[in-house]
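Working through the structure, step by step
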Amino acid sequence: MSMTPTTEKTGNLIDQASQSADHAIRASQQAANQAVDSAGNALQGLRQQATPVLERASEQVSAMAHRGLESVRETTHQLRVKAEHASDSTVGYIRQEPVKAVLIAAATGAALMALVSLVARSRDRH
């Protein structure tokens, strides 16, 4: 079967179009692969930059939490020592001055009762 010049031209055009399409597809695939590789490299770079920053931030938060706990422990210890000292001083005063201690306790109790009585009356009036 012989090809006519028109059929031959049409065949050549189809071959050229097919080759152009193949070339375009390959070029698109290469561009897509390069874009994916570039994005992957960029993300890897960002992760490498972010990792030390996140590690430092984590270390700083941990150090701050540790300092906070130490501060709470120290404050608790100081309060306990002061409370023990106040208790010892009170017991010592009661042993040295038992009559005065009883009179002070009675006066304090009477003052508290008077204060409670005033508050109760002011509530009754309102």
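Anything mentioned here points back to the structure above.
Residues numbered from 1 in each chain as written. Predicted model: local features only at pLDDT ≥ 70, side-chain atom pairs only at ≥ 80, totals over all residues. Heavy atoms only, no water.

Remarks on the overall build of the protein
Counting its secondary structure elements, the protein contains 2 helices and 0 strands. A compact globule built from 126 residues should have a C-alpha radius of gyration of about 14 Å, whereas the protein, at 45 Å, is more than 25% larger. Seen through its C-alpha atoms, the protein measures out along the principal axes to roughly 140 × 45 × 20 Å. Out of the 126 residues in the protein, the part that is buried amounts to 1%. When the accessible area of the protein is evaluated, it comes to approximately 11,200 Å², of which 61% is carbon and sulfur surface. Counting 13 positive and 12 negative side-chain charges, the protein places the averaged centre of each group 16 Å from the other. (Helix = DSSP H or I, 4+ residues; strand = E, 2+ residues; numbered from the N terminus. Rg over C-alpha atoms; globule rule 2.2 N^0.38 Å. Buried < 20%, exposed > 50% of the residue type's maximum accessible area, 1.4 Å probe, protein only. Areas by Shrake-Rupley, 256 points an atom, 1.4 Å probe, with all protein chains shown as cover. Lys, Arg positive; Asp, Glu negative; His and termini not counted. Charge placed at Lys NZ, Arg CZ, Asp CG, Glu CD.)

Regarding the environment of L54
Assignment of secondary structure puts L54 in helix 1 (residues 5–96). As for L54 and Q96, which are separated by 42 residues in sequence, their C-alpha atoms are 63 Å apart.

Here we look at the pattern of salt bridges
Within this structure, the stated rule accounts for 1 salt bridge. The salt bridge involving R73 is made with E70; its shortest N-O contact spans 2.8 Å. Of this pair, R73 and E70 are both found in helix 1, 3 residues apart, which corresponds to roughly one turn of the helix. (Salt bridge = Lys/Arg side-chain N within 4 Å of Asp/Glu carboxyl O.)

Section: a nonpolar patch on the surface
Taken together, the side chains of Y93, I94 and I104 present a nonpolar region at the surface, about 270 Å² in accessible area. Positionally, Y93 belongs in helix 1. According to the relative accessible area criterion, Y93 is partly exposed, its value standing at 35%. (Patch = residues over 30% accessible without salt bridge, like charges linked within 9 Å, V, L, I, M, F, W, Y side chains within 5 Å.)

A closer look at the environment of A57
For A57, the location among the structural elements is in helix 1. According to the relative accessible area criterion, A57 is partly exposed, its value standing at 35%. For the pair formed by A57 and R121, sequence separation is 64 residues and the distance between their alpha carbons is 59 Å.

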